[in-house]
Amino acid sequence: MMEIRWNGRREQQRSYLTELLDLVHWTGRRIGAVRQLTFDDLRLGQGPHGCIRWPADTDKQGRETLVPISAPARAALDRIAAERPGIGPVPLFPSPHDPTKPVRYEVTRSWLLEAERLAKVETQQGSSWHAYRRGWATSRKRLPDVDVAAAGGWKSLDALKQCYQMADSATMQAVVDSTDELREAK
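What counts and how
- Residues numbered from 1 in each chain as written.
- Predicted model: local features only at pLDDT ≥ 70, side-chain atom pairs only at ≥ 80, totals over all residues.
- Heavy atoms only, no water.
- Phe/Tyr/Trp six-rings, centres within 6.5 Å; stacked < 30°, edge-to-face > 60°.
- Helix = DSSP H or I, 4+ residues; strand = E, 2+ residues; numbered from the N terminus.
- Buried < 20%, exposed > 50% of the residue type's maximum accessible area, 1.4 Å probe, protein only.
- Lys NZ or Arg CZ within 6 Å of the ring centre and 35° of its normal.
- 1 Å grid on protein atoms, 1.4 Å probe; cavity = no way out; pocket = protein on both sides within 12 Å on 5 of 7 lines; lining within 4 Å.
- Points joined across faces, edges and corners; volume = space filled by probe spheres on them.
- Nonpolar A, V, L, I, M, F, W, Y, C, P; charged D, E, K, R; others polar.
- Pairing = 2+ DSSP bridges.
- Axes fitted to C-alpha atoms, helices over the stretch in contact; angles between N-to-C directions.
- Parallel < 35°, antiparallel > 145°, perpendicular 65-115°, else oblique.
- Contact = heavy atoms within 4.5 Å.

This part takes up the packing of aromatic side chains. Summed over the entire model, instances satisfying the criterion amount to 5 aromatic pairs. With a centroid separation of 5.6 Å and 85 degrees between ring planes, the pair formed by tyrosine 16 and tryptophan 111 is classed as edge-to-face. Note that tyrosine 16 is positioned in the loop between strand S2 (9–13) and helix H1 (17–27) and tryptophan 111 in helix H4 (residues 105–119), a separation of 95 residues in sequence. Comparing tyrosine 16 with tryptophan 111, the two get one shared label, buried. When the ring of tryptophan 129 is compared with that of tyrosine 132, the centres are 6.1 Å apart and the planes differ by 50 degrees; the resulting orientation is tilted. Members of the aromatic cluster, connected to one another through ring pairs, are Tyr16, Phe93 and Trp111. A cation sits over an aromatic face here: arginine 133 above tryptophan 154, 3.8 Å from the ring centre. The ring of tyrosine 164 carries the charged tip of arginine 133 above its face, separated from the ring centre by 5.2 Å.

What follows concerns the environment of proline 72. Mapped onto the fold, proline 72 is located in helix H3 (residues 71–83). Using a relative accessible area of 32% as the deciding quantity, one classes proline 72 as partly exposed. For the pair proline 72 and histidine 25, spaced 47 residues apart in sequence, the C-alpha separation works out to 9.6 Å.

This next bit is on empty space enclosed by the protein. Using the criterion set out here, one finds 1 cavity of 30 Å³ or more in the structure. Its boundaries defined by the atoms lining it, the largest cavity holds a volume of some 40 Å³. Around the largest cavity, the lining residues are Arg29, Arg30, Ala33, Thr58, Asp59, Lys60, Arg133 and Gly152. In terms of residue class, the lining of the largest cavity is built from 1 nonpolar, 2 polar and 5 charged.

Moving on to the sheet that holds strand S5 (residues 65–68). An order of S3-S4-S5 is seen for the 3 strands of this open sheet, with the pairing classed as antiparallel. Taken across any chain shown, the strands that pair with only one partner, and hence form the sheet edges, are strand S3 (42–43) and S5. In this structure, strand S4 (residues 51–54) lies alongside S5, joined through 4 bridges in antiparallel fashion. In the sheet register, cysteine 51 faces S5, and the bridge partner there is proline 68.

Moving on to the packing of H1 against H4. Following both chains from N to C, one finds H1 and H4 inclined at 95 degrees, their axes separated by 10 Å at the closest point. The pairing of H1 with H4 is recorded here as roughly perpendicular in orientation. For the pair formed by H1 and H4, the contact residues are Leu17, Leu20 and Leu21 on the first element and Thr108, Trp111, Leu112 and Ala115 on the second.

So this is what it looks like as structure tokens:
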């Protein structure tokens, strides 16, 4: 729960943590980009489940991209629209103190840490929210690098491969179990 203080009133409301987690998990984007999304950025009529326009001014690389979304990401956006409908440049995740501004990073981080504490799980390795971005990239190692980088917002394949895609036991086992044999060229 969180307390919102809008228009001179105070009230308790469910925090945005669930949808923030869903969008970070299903899009692979940085929390900074997700928390600054506006209704203007949604293109829900495009593609099978819709698309998100990731604006250049919220992208670490300064690039604007239009990326399709998955069904679970669309479900999170539909929940947001049902609870907090908006049009235009209205933030999907408004500040509890000013509905015209996005929620601050420090607030989202405190929600995440409190949720981990309440769930009695260890904090994810890799600096809170960034662990989810790393997980998104690692779970897509089997897919073409250029597509993973484009969908997740990486400008460089080097950064994706060196910092985000981690070795895991299942993939390493598949590598050592591989039966492909080299044959001499004739």
